[in-house]
Amino acid sequence: MGTNLKEATEIKLALAKDLKSSQSSAEVDILQTKYLGKQGLINRLFKTLPIKTDPQIGRQINDLKKFVETRLQEKLTSVLTTTDKTHFDVTTPGLPIPQGSLHLITQAIEEIESIFLHLGFVRRRYPEVDTDWYYAEGLNIPKDHPARDDQETFYLSDTTVLTAHTSNGQLHEMELKKAPPIKMINIGKTYRRQLDATHTPMFHQFEGLVVDQGLNITHLLGITDYFAKSYFGPDRRTRLRPHHFQFTEPSFEIDISCEVCRGTGLIDNLACKVCKSGWLELGGAGMVHPQVLKNGGLNPTECSGFAFGWGVERVLMMKTGLPDLRLIYGDDLRFLNQF
Ligand code: FA5
């Protein structure tokens, strides 16, 4: 009897010491094996002590076993709730991961790009920082033209600008291709010193340029109409309005029929509040000026072309009824999450 008491006391003392130095569930697991495992200290007592001849001994070892089990369980609970930060409970429900999405302008650019790719256009990206020649001089915009006004254009040096339109891509494309046919859509960032509900200092334009033999205004109209119907809906119509750009001749503004009043300009016999006239302005276009073809290294007696340049933010505004372009570049997630 004395012998087994002595061994139980030794085990309890060793356990107390082990528990004190254990700081993690992994360490408690090791103790579990050391004391309660198949080859553990308690099982060794069952094997070595005369439990068959003295049932008292068996009972005492069982009590010791329960004691060890309880202390190990207590220790495990304690390390899990306090010190053990490495423990991973696979049954704990996960935290929801906030889901991101493409920015609404990226989505609009992808949609516009896919419409033009469908028509056989090639997507291009030309410099946002460019020289005076590509941005203005080569496009027939002389030094004293109002578009050069530094109130509107960000000049980086006397001869370098942050491009205020994507039309600089026209000359780059002509130089790259060297000969017709040309059919490119240049979508890029553009910059102007403007800020209000319909103007942002950085915005995007998509610039189409098509050069080939025998092109005329009806081809421009066909492309414009296809874009309007694909992007805005099959009921929309387009029209040309005379306008002026230095790099196209003749030049136009393209209008698209208003969806709200269906192009009539009237709702319940009152002027439509969205468009007032039945039409909304899409952007500029025209037949490429012969001098610009020459500047791009092409022969205007052998080919002709048309070009257009429209604002991505503005077409998105027209499509979605967005009241203020500044929302697009703000950080209000209640707005951005809707896209
Ligand atoms: C031009 O920039 C011409 N380069 C377009 C062109 C290309 C004409 C090819 C002929 C041939 P405009 O200045 O009108 O044109 O600008 C084109 C479009 O850019 C506008 O219709 C509008 O949709 C958009 N836009 C202009 N300024 C801003 C701005 N600050 N914020 C957002 N969109 C703008």
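Everything below is about the structure printed above this text.
Everything numeric in this text was worked out from a predicted model, so none of it was measured.

Cut-offs and rules
- Residues numbered from 1 in each chain as written.
- Predicted model: local features only at pLDDT ≥ 70, side-chain atom pairs only at ≥ 80, totals over all residues.
- Heavy atoms only, no water.
- Salt bridge = Lys/Arg side-chain N within 4 Å of Asp/Glu carboxyl O.
- Helix = DSSP H or I, 4+ residues; strand = E, 2+ residues; numbered from the N terminus.
- Buried < 20%, exposed > 50% of the residue type's maximum accessible area, 1.4 Å probe, protein only.
- Patch = residues over 30% accessible without salt bridge, like charges linked within 9 Å, V, L, I, M, F, W, Y side chains within 5 Å.
- Areas by Shrake-Rupley, 256 points an atom, 1.4 Å probe, with all protein chains shown as cover.
- Near = heavy atom within 4 Å.
- Polar contact = N/O pair within 3.5 Å; in protein donor to acceptor, adjacent residues only side chain to side chain.
- Expected span 1.5 Å × (residues − 1).
- Arc of directions from axis to C-beta.
- Pairing = 2+ DSSP bridges.
- Axes fitted to C-alpha atoms, helices over the stretch in contact; angles between N-to-C directions.
- Contact = heavy atoms within 4.5 Å.

(A) View of the pattern of salt bridges. This model, assessed by the stated rule, comprises 15 salt bridges. In this structure, R262 and D235 form a salt bridge, with 3.6 Å as the shortest nitrogen-oxygen distance. Remark: D235 occurs in the loop between α8 (217-232) and β7 (238-245) and R262 occurs in the loop between β8 (248-257) and β9 (266-267); sequence separation between them is 27 residues. For R262, a relative accessible area of 54% gives the class exposed. A relative accessible area of 55% means that D235 is categorised as exposed.

(B) A look at a nonpolar patch on the surface. A surface patch of nonpolar side chains, amounting to about 240 Å² of accessible area, comprises V260, I267 and V274. Locating V274 in the fold gives a position in the loop between β10 (270-271) and β11 (279-288).

(C) Fine view of the site of the ligand. Close contacts around the ligand come from 24 residues, with H165, S167, R192, Q194 and T200 the closest. Contact between the ligand and S167: a nitrogen atom at 2.9 Å from a side-chain N or O atom of the residue. Backbone polar atom of G311 to an oxygen atom of the ligand: 3.4 Å apart, as the coordinates give it. The protein chains hide 92% of the 680 Å² of surface that the ligand would expose on its own. If you list the elements that add at least two residues to the shell around the ligand, you get β6 (202-212), β11 and β12 (304-311).

(D) Fine view of helix α2 (residues 25-36). Along its 12 residues, α2 runs 16 Å from first to last C-alpha, staying within 8% of the 16 Å computed at 1.5 Å per residue. All buried positions along α2 are accounted for by S25, V28, L31, Y35 and L36. Projection of α2 onto a plane perpendicular to its axis shows the buried side chains occupying an angular sector of 105 degrees, all on one side. Exposed positions of α2 whose direction lies more than 90 degrees from the buried face are I30 and T33.

(E) How the structure looks around the sheet that holds strand β1 (residues 122-124). Strand order in the open sheet formed by 7 strands is β1-β5-β6-β12-β11-β8-β7, with mixed pairing between adjacent strands. The strands lining the two open edges of the sheet, one partner per strand, are β1 and β7. With direction set aside, neighbouring strand axes in the sheet form an average angle of 25 degrees. Strand contacts of α8: β6, β7, β8, β11 and β12, with the helix running at about 30 degrees to β12, the strand carrying the most contacts.

(F) Structural view of the side chain of T248. With respect to the helices and strands, the residue T248 is situated in strand β8. For T248, a relative accessible area of 2% corresponds to the buried category. A polar side-chain atom of T248 sits 2.7 Å from a polar atom in the side chain of S251. Not counting residues within four places of it along the chain, the set of residues in contact with T248 comprises A285, G286, M287, V288 and H289.

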